[in-house]
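So you can see what is in the structure, the chains are spelled out below.
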Amino acid sequence: MNKMARGLSYLVGASFEAVALVIGAAIAGKWLDINHPQSFRWIAITMPFCLLVIAHTFYVVLRAVIRMEKSEEPKDGEGGDSDAV
């Protein structure tokens, strides 16, 4: 599989994970409001935690994509466009 296609699939996967986490945090917040009532709404706790996890996921994905791009670049003296015959 092409490295860019793999990076794109990581990014798409992270997007689906982000949507699932937001929906899960909303459902968990509603469930906690019903079963464990407090003076605050539980979504005020679950949603920032969800956003923190999403930020970490995208950080890891972008770091992996950058690492793949760096490993793809030719090193000095290897490959590349040389005019030597």
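Above: the structure in question.
Starting from 1, residues in each chain are numbered consecutively following that chain's sequence as written. Thresholds applied to this predicted model are a pLDDT of at least 70 for local features of residues and 80 or more for the giving and counting of side-chain atom pairs; totals over whole chains, interfaces and linings are not thresholded and use all residues. Remark: hydrogens and water are excluded; side-chain values derive from all non-hydrogen atoms of the structure.

1. Topic: the packing of aromatic side chains
Okay, so step 1: Think of it this way: a Phe, Tyr or Trp ring, Trp meaning its six-membered ring, pairs with another when their centres are within 6.5 Å, and the plane angle makes it stacked under 30 degrees, edge-to-face over 60, tilted otherwise. A complete count under the given rule lists 1 aromatic pair for this structure.
Okay, so step 2: Arranged with centres 5.1 Å apart and planes meeting at 65°, the rings of Phe 40 and Trp 42 form a pair that is edge-to-face.
Okay, so step 3: Under the scheme applied here, a residue whose accessible area is under 20% of the maximum for its type counts as buried, over 50% as exposed, and between as partly exposed, the area being computed with a 1.4 Å probe on protein chains only. Exposure remark for Phe 40: the relative accessible area of 35% places this residue in the partly exposed category.

2. What about the side chain of Thr 57?
Okay, so step 1: Relative to the helices and strands, Thr 57 resides in helix α2 (residues 43-72).
Okay, so step 2: Accessibility expressed as a relative area gives 13% for Thr 57, which makes it buried.
Okay, so step 3: Here a polar contact is recorded for every N or O atom pair within 3.5 Å, except that within protein the pair must consist of a potential hydrogen donor and a potential acceptor, and residues adjacent in sequence are included only if both atoms are side-chain atoms. At 3.4 Å, the side chain of Thr 57 forms a polar contact with the side chain of Glu 17.
Okay, so step 4: Contacts between residues were defined by any pair of non-hydrogen atoms, one from each residue, lying within 4.5 Å. Those residues in contact with Thr 57, other than ones at most four positions away along the chain, are Ala 14 and Glu 17. Helix and strand assignments come from DSSP, with helices taken as H or I runs of at least 4 residues and strands as E runs of at least 2, each series counted from the N terminus.

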